[in-house]
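Structural description and commentary
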Amino acid sequence: LGHFLSPRQKCFLFAVQEIFGYKTQGCHKALCIAGYILSCGALLLLFYWKPEWDVWANCIPCSLEEADVVLLRTTDEFQRYTRKKVTWIDLSALPLPDGSNSECPLVADKDSVINRAAKKPQLKVRCIQVQKIRYIWDFSVKQFKRVGSLEDSNTCHSIHHKFGAGLTREDQKIRQLVCGPNAIEVEIRPIWKLLFKEILNPFYVFQAFTLTLWLSQGYIEYSVAIIVLSIISVGLTVYDLRQQSTKLHDLVEEHNKVQVTVCMKREGCKELESRYLVPGDVFLLDRKKLSLPCDAVLIDGSCVVNEGMLTGESIPVTKTPLPLTESPMPWKTHSMEDYRRHVLFCGTEVIQTKPTGRGPVRAVVLQTGFNTAKGDLVRSILYPKPMNFQLYRDAFKFIIGLSAIGVLGLIYTVCVFTYHQVSTKPVAEVVAMALLLLTVAVPPAIPAALTTGTVYAQRRLKKKKIFCITPQRINICGQINLVCFDKTGTLTEDGLDLWGVLPSEGSRFQEIHKFPSSTPLPWGPVCGAMASCHSLVVLDKKIQGDPLDLKMFEGTHWSFKAGDWKIKPAPVEGIAILHQFPFSSGLQRMSVVSQKIGEEQYDLYMKGAPEIVSSLCRQETVPADFLKELKTYTSQGFRVIALAHKVLSLGKDVDVSDLEREEAESGLVFLGLLVMENRLKQETKPVLRELAAARIRSVMVTGDNLQTAVTVARSAEMIPKASKAIIIEASEPEGSTPASIAWQLAEDSKASTDSVQNNYMNKCLDGESCNYHFAMNGKSYQVLVKHFYSLLPKILVNATVFARMSPGQKSSLVEELQKLNKNCEAPLKVCVCVGGGNASPASFFCGFQALKMAHAGISLSEQEASVASPFTSQIPNIQCVPELIREGRAALVSSFAVVKYLTLYGLIQFVGTALLFWVSLQIFGNHQYLIQDVVITLLVCLTMSLTEAYPKLAPYRPPGQLISPPLLLSVVLNVCFTVTMQTCVALLARDTQPAALVVGPAQPRAHGGFTVLSYEDTTLWPLTTINCIIVAFVFSKGKPFRKPIYTNYVFSVLLALQLAVCLFLFFADFDAVYRAGFGPSPLMLCHLTPQDVLLQNKHLWMLIKACFGYQSKSQYRKWQRMLQRDPNWPPVNTKDFAAKRMAEVYVNPSYEHGG
C-alpha cells in the first residue's frame, strides 16, 4: 500500500488520501512565532487558510515511522491538505495477560493489527485520527492501519472458534483503549467556533479591511448597511449549521447508550453499556426488540430485523447465522454477496429472535463506532464529497481580476497626485485615497448576491415538494444532461400486481390462471410455493414484508391463525416454515424448507429469476418451450418469477438449519411461472418526452430482467420504435478461451429507414442523431470493465438500458459516465433518480453511494429530507426531474447575471471615480455612493433572482462557466462602452465648465479641503447611476431559461422607480449646479443592441462556430463524431474476443465498502 518517496514517505488511506511524514523543528517553530508577532497575526491567518504551508514552515520531511506530524492530501482534483498530529496510546497501565511483555501476542487473536502495533517493551501504540476513524501504526508493514473492526481475513471457522466464547477481560480492556468507545459521537459545535470559522473566510477578511477603511473616511451609512447584512448573513449561516449539528447529534446520541448482555470468557454473561463494546465481543439478542449499537455477525440463531432507519423502507429482513464451515476463504468471500444476510447493521432494530436448540441468539461484534454502517452514513454527512462548483471558482477568479484592477487604481492614484504636484497633502491622505480606489473595484456584496439565486430556487422547489440539503447543487442541476432512472417505483408503479400463474406439469405448460379470478387457485405444489416461499412475518397481528411476497401470498387466499399458515378450502391443515435460504442479489433466488402440519415429509420450495431457477431444475421437468414462453411475457413488460419444488429425504428429528444450500437447491421439479404486472406511471412518458426534446439523455438502470427492462424502455419511448436495440452479452474467459463480447440485435428491433416517427426521441445528447441503443446486464457490464475497458466509452455513449445491476455496479456506472467528459469545458452532469422505497436492505449502502456520487441524486420519498440523497421529492413520480432542471437553469443564469452585474457595477464606479479624480482631484460624495451602493445595487442584487424559471426546457444548457467567450465578451464590451462614454463626458464637462460657476465646500469624503460637489461630479454621477440601472436591465434577460423580466414585478417596479428618481435628480432645478447638467446620452441605449442581438443570440454563435469550423473539445462529442464516421459501428450479430486476458479483478470500492 505504501512506498518511500525520498526524503518523505507516502502511503494511501482507503484510496482517498495520501499521507506524508514530518518532524517538528524547534528553530523553525521559533521563527514562525516571531513571524506571527511581527505580522500582527497575518501569518497565522495565512497558515490557517493553508495548513500545508504551516507544516512546511514548522517541520522537516521524514519517514512516517519518525513523524510526529502528518500531512494528508486528497487524491481528487481539489488536492486539499489536512494536518494531523501523531499521538501515543499507553497500554502499560492496563492489567495485561501473562507474557505480554515478551514475544507473546498482546491480544489473543494473533492476526489482530493491535499485536503488530504495540511497541515493546514500552507497550505504546502510535495513532492518528482521520475523519473520526482511528489508524494505528503497524510496525511490520510500516503503515497506518484502520482499527475498530475485525480483520476481514477471518474465516467462518475462525470467527466461530476465536470469538464464539467471547473475549477475556484483559483483551477487552486493551481493545477498548486502542479502538476507542463504541459510540457515534457528533459534537454540537460551539457557536463561537462556527462564528470564527465563518468570519475567517478570506473574503470576509478583505471585507473587514474595506469597511474599516471606509469608516475611517466617513463613509458610514453604506458601511453600516454592509456590516448589518454581513452580520445577518453570518448569523443565519451559523444558526443553520448549529441546527444541523444539534439535529444530527440528537439523531445518533440515543443509540450510544444501549444496555446489552455480553458473554465473556471465563466470566459468563453480564450487562454492559454498549459504548464499551469492542470488535470480537459476543452479545446476546435475548430481548424481543433491540436497537443494534454496532455492526455484528450472527453466529447462532436467526432474527428478523427492521432496517427502515437506514433504507427508509420498513420491510422486515430475516438474518441467518454465519455457517460453521472449514473453508480457508475469508468469510465474506465464502458467502459472496450473501454475506450481508449474516450481518446485523448498527442502527437497525431487532424485532424478532428465533433461537436454536443450542441456546439464545448470539452475535459477534464486527465494527464499532464510526466504522459501522451507520457510522459511515454519519461520516458522509459530516465530511461530504466535495463538488466542483465551477460558478464559485469562476466568481473567485473575477474577484481576483477586480482586485488586480484595484491595485492598478492604487498606482494610478499615486501617479495622479504626482502629475498634479500636490505636495502639500499629507502622505496618510494620499494613501487613504489610493486604498479607497482599490476597494471601489471589488463590490463587497458578491458572496451574498451569489447565494440569492439558490435561496430563491430552493424556496420555489420547496413549494413544489422538492427538498434540498445541499443548496449549492441547485446550480449544478442547471447543467444536467444525463439522467439515470431506476425502473420499479420510479418509471413504473411501486407495487407489482399479480397478473397470473402459468403452471407446468409433465414438462408442459398448462392453462394460465389469471388474477383476480372468481375461481381460487387449486391446492398443489404451485399453491404451496406461493403460500410458503417468502420472507413475510407477522408483527402486531399484521402480515408485513416485501410487496412482491405480499401480492403473491394474497393470491392464495391463505390466512394466519394460531401460529400456522392456514388455507380454508385445502386438504392440508397448514404449512410450517422451518428454515429459510434468504434471497440474494448474487444468487437471484430464495428458498424455504417447510413441512405440512401433521405430516413427516419435508418440502423445499424455491422462487427466483427464471434463468437461474430453470438451471437448478431437472431438465426433463422444464418445458421445451420455456424460453419462448418466458420471452412472450417479458417482451410485454411483465415481471416473471419461476417456481420450483423438491421433496427432501430427511430423517426424523433432523436439524434443517444444518442443510447445505448448494445441495438442497439442486435437482428440483419446475412448477411454472409467476407473472407480475408492473405498469408505467402515468407521468413517465410525458416527462421522458420533455427531457428528450431538451436533448437530455435518459438511461435506465435496474435490477430487473434484461428483456423486461428493454420492453419497458420501448414502452416509455426511451428506445424509440424506429431505433435498434442491440443486446451486449459479455462472457468471462474460460480456460484458454479469452473473454468474449457478443452483439445481438433484439428481436423486436425492426427499425425502418423510412419510418422516422418520434424524431425528437431519435436524438442523443446535444442533438446528435442516434438510431441504435445498447442494452446489457450487470454481468456483461462487469466483464466490459475488466476485459474490454477501451470499448466501454464507445458503448456508454449510446447505452440506454442496464439490467440486473448490483448496487456496486450502479455506483461504478455513475462514475464511468462522469468520466466520459471529465475535465472538459462542458462536463457531463449526471443525475440519479430512484424510488425512496425501492432500495433493498442488502443494497442500500451502495445505492446511497450512487446517489451521493452523482451530481444530483433525487430520492422519491414521503420524507421531507433524506440523508441518503441531496434532493428528496415528495412527488411520487419523475416530474420532479424536469422541475429541478428548470429551477437549476434559472438559478444558474441568475447567479451569472448577478456576478456580471456586480462586476460591471464595480468597474463603472471605478472608472467614474478615477476620471473624477483625474479631472478635479476629488471623488463622489458619500450620499452619491450611498444611492448607488444601497438604493441601486443592493436592491437589484436582492430582487434580480426573483424571476421564476421558464416553463419549457430549452434544447440546450445555459453556459456553465463565467470564463467563457460570450460572457467575457459581454463584460469587456460593456466596460469599453463605459470607459468611452464616461471619458468623453468627463472631458466635455471639463472643457465646457462655466467660468462664473462657484461651488461651495461640502462634507468631504477625504479630509483636507477637497470639494465634493462640482460640475464634473454632477455630470458623471447621474450617468454612472443610470448606467448601473441599464446594465441591471440588460443582464435580466428572461427566455429561454427564465420568464420575461416583466413577470418579476418587484424587480420591474424597482428599476422603473430607480430610473425615474435618477432622471428627476438629473433634470431637477434645485441648484445652479444642475443648470449645466447633461441629458442622458442616447448612446446609453447601445447597451441593449450588442447584448441581446449579438452576445445572447445562441443561433448566431452556432453560425459563427460553423463558419470557422469550430468543433467542441468535449470528449463525449469526440466519441460521438468518431463513432458516426465509423462504418463498422455498431457491430451487430458478431462476437469479439479480448486481446489478452486481464490479470486484475474489478472490484468496485464503494460496493466492497458497503458491508
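Since we're looking at a predicted model, the values are computed, not measured.

Thresholds applied
Residues numbered from 1 in each chain as written. Predicted model: local features only at pLDDT ≥ 70, side-chain atom pairs only at ≥ 80, totals over all residues. Heavy atoms only, no water. Helix = DSSP H or I, 4+ residues; strand = E, 2+ residues; numbered from the N terminus. Buried < 20%, exposed > 50% of the residue type's maximum accessible area, 1.4 Å probe, protein only. Contact = heavy atoms within 4.5 Å. Expected span 1.5 Å × (residues − 1). Pairing = 2+ DSSP bridges. Polar contact = N/O pair within 3.5 Å; in protein donor to acceptor, adjacent residues only side chain to side chain. Salt bridge = Lys/Arg side-chain N within 4 Å of Asp/Glu carboxyl O. Axes fitted to C-alpha atoms, helices over the stretch in contact; angles between N-to-C directions. Patch = residues over 30% accessible without salt bridge, like charges linked within 9 Å, V, L, I, M, F, W, Y side chains within 5 Å. Areas by Shrake-Rupley, 256 points an atom, 1.4 Å probe, with all protein chains shown as cover. Core = buried A, V, L, I, M, F, W, Y, C linked by side-chain atoms within 4.5 Å. Phe/Tyr/Trp six-rings, centres within 6.5 Å; stacked < 30°, edge-to-face > 60°. Lys NZ or Arg CZ within 6 Å of the ring centre and 35° of its normal. pLDDT = per-residue confidence, 0-100. Nonpolar A, V, L, I, M, F, W, Y, C, P; charged D, E, K, R; others polar. Parallel < 35°, antiparallel > 145°, perpendicular 65-115°, else oblique. Left-handed = near helix turned anticlockwise from the far one by under 90°. Lys, Arg positive; Asp, Glu negative; His and termini not counted. Charge placed at Lys NZ, Arg CZ, Asp CG, Glu CD.

Of regular secondary structure, the chain possesses 38 helices and 43 strands. Counting every position in the chain, which comprises 1155 residues, the buried fraction comes to 53%. Across the chain, the fraction of contacts at a sequence separation of at least 24, relative to all contacts at a separation of at least 6, is 74%.

Our next topic: helix α32 (residues 1015–1034). Relative to the 28 Å expected for 20 residues at 1.5 Å per residue, α32 spans 29 Å between its end C-alpha atoms, a close match to the ideal helical length. In terms of residue burial, α32 counts as a mostly covered element, since 19 of its 20 residues are buried.

Glancing now at the sheet that holds strand β17 (residues 316–319). Reading across from one edge, β14-β19-β16-β17 is the order of the four strands in this open sheet, with antiparallel pairing throughout. Here the strands that pair on one side only, and so sit at the sheet edges, are β14 (290–291) and β17. Pairing geometry for strand β16 (residues 302–306) and β17, over four bridges, is antiparallel. In the strand pairing of β17, V304 is matched with T318.

A word on the side chain of D549. In this structure, D549 sits in helix α19 (residues 547–554). Here D549 falls in the buried class, since its relative accessible area comes to 3%. Here K607 takes part through its side chain, which lies 2.9 Å from a polar atom of the side chain of D549. Excluding anything up to four places from it in sequence, D549 contacts H534, S535, L536 and K607.

Further remarks concern the pattern of salt bridges. With the rule as written, the count across this model stands at 25 salt bridges. Among the salt bridges present, the one from K142 reaches E65, with a minimum N-O distance of 3.0 Å. A residue pair is termed long-range when its members are at least 10 positions apart, and K142 in the loop between β9 (133–138) and β10 (143–146) and E65 in the loop between β4 (59–61) and β5 (69–74) qualify at 77 residues. Given the relative accessible area of 33%, K142 is considered partly exposed. Connected via shared salt-bridge partners are R460, K464, E690, E883, R886 and E887.

The next point concerns the sheet that holds strand β15 (residues 295–300). A sheet is described by the order of its strands in space; here six strands give the open sequence β12-β11-β13-β20-β15-β18, paired in antiparallel fashion. Since the sheet does not close on itself, it has two edges, and those belong to β12 (268–273) and β18 (343–344), each with one partner. Strands in contact with helix α5 (residues 156–163) are β13 (282–284), β15 and β20 (362–367); relative to β15, the strand with the most contacts, it is inclined by about 85°.

Attention now moves to a nonpolar patch on the surface. Together, L215, I220, V224, V228, L229, I232 and L236 make up an exposed nonpolar region whose accessible area comes to about 570 Å². The element that contributes the greatest number of residues to the nonpolar patch is helix α9 (residues 220–253), accounting for six residues. With relative accessibility at 55%, the residue L236 sits in the exposed group.

Glancing now at the nonpolar core. Membership of the largest hydrophobic core comes to 71 residues, with the highest contact counts inside it found for Y901, L902 and M944. The element that contributes the greatest number of residues to this core is helix α29 (residues 880–920), accounting for 17 residues. Residues in contact with L902, not counting those within four places in the same chain, are P443, A445, I446, A449, T937 and C941. Counting 44 residues, the second largest nonpolar core, distinct from the first, contains C477, I858, I878 and L953.

Turning our eyes to something else, we now look at the pairing of strand β31 (residues 589–596). Burial analysis of β31 places eight of its eight residues in the buried class, the great majority of the element. By the alternation rule, side chains of β31 split into R589, S591, V593 and Q595 and M590, V592, S594 and K596, which are all buried. With seven bridges connecting them, strand β30 (residues 575–584) and β31 associate as antiparallel partners. Bridged to Q580 within β31 is V592. Sheet topology places β31 next to strand β32 (residues 602–608); seven bridges connect them, and they run antiparallel. Bridging across to β32, Q595 finds its partner in Y602. Remark: five residues form the turn of the hairpin made by β31 and β32, two consecutive strands paired antiparallel; G598 in that turn has positive phi of roughly 90°.

Attention now goes to helix α1 (residues 26–38). Compared with an ideal rise of 1.5 Å per residue, which puts 13 residues at 18 Å, α1 spans 19 Å between its outermost C-alpha atoms and is within 8% of the ideal. In the core, the buried residues of α1 are packed alongside α2 (42–49) and α3 (51–58). In the stretch just after α1, C40 is the one whose phi turns positive, near 55°.

This part covers the environment of V141. Relative to the elements of secondary structure, V141 occurs in the loop between β9 and β10. Note: C-alpha distance between V141 and A117 (24 residues apart in sequence) is 10.0 Å.

Geometrically, the link from K1039 to P1040 is a cis peptide bond, its omega value of 15° lying close to zero. As for its placement among the helices and strands, P1040 is situated in the loop between α32 and α33 (1049–1067). A positive phi angle is found at C40, which is not glycine, with a value near 55°. Judged by its relative accessible area of 73%, C40 is exposed. Of note, the phi angle at R695 is positive, near 60°, even though the residue is not glycine. Positionally, R695 belongs in the loop between α23 (684–693) and β35 (697–701). Among the residues examined, R695 registers a relative accessible area of 34% and is labelled partly exposed.

In this structure the tally under the stated criterion is 16 aromatic pairs. Each ring, one from W743 and one from W1129, has its centre 5.6 Å from the other, and the planes form 75°; the classification is edge-to-face. Taken as a pair, W743 in strand β37 (residues 740–745) and W1129 in the loop between α37 (1115–1125) and β43 (1134–1137) lie far apart in primary sequence, 386 residues in all. Note on accessibility: W743 and W1129 belong to one class, buried. Above the plane of the ring of W53 lies K50, whose end atom (NZ or CZ) is 5.8 Å from the centre. Here the basic side chain of R126 rests over the ring of W137, its NZ or CZ set 5.4 Å away from the ring centre.

Mean pLDDT over the chain works out to 77, with 81% of the residues at or above the 70 mark. Contacts from residues 995–1012, a stretch scored under 50 in pLDDT, to residues over four places away or in other chains number 34 contacts. Predicted confidence is poor over residues 1141–1155, with pLDDT under 50, and the contacts of this stretch with residues over four places away or in other chains come to 34 contacts.

Another aspect to go through is the packing of α2 against α3. Interhelical geometry of α2 versus α3 gives an angle of 115° and a closest axis separation of 5 Å. When α2 is examined against α3, the residues L46, F47, Y48 and W49 are found in contact with a partner set consisting of P51, W53, D54, A57 and N58. Among the residues making up the contact of α2 with α3, the classes are represented as seven nonpolar, one polar and one charged.

Where helix α8 (residues 202–216) contacts α9, the axes come no closer than 9 Å and their chain directions differ by 155°. Relative to α9, the element α8 lies roughly antiparallel. Our pair here, α8 against α9, has a crossing hand that is left-handed. On α9, the residues that touch Y204, Q207, L211, W214 and L215 of α8 are I220, Y222, S223, I226, I227, S230, S233 and V234. Along the lines of polarity and charge, the residues of the contact of α8 with α9 split into nine nonpolar, four polar and no charged.

Turning to a negative patch on the surface, a few remarks are in order. Together, D655, D658, E660, E662 and E663 line one region of the surface with negative charge. Looking at the element boundaries, E662 is found in helix α22 (residues 661–664). Owing to a relative accessible area of 58%, E662 belongs among the exposed residues under this scheme.

For strand β38 (residues 772–777), the buried fraction is high: five of the six residues fall into the buried class. With five bridges connecting them, strand β36 (residues 724–731) and β38 associate as parallel partners. Its bridge partner being in β38, I726 is matched across the sheet by F774. Across four bridges, β38 lies against strand β39 (residues 799–803) in parallel orientation. If you follow N777 over to β39, its bridge partner there is A803.

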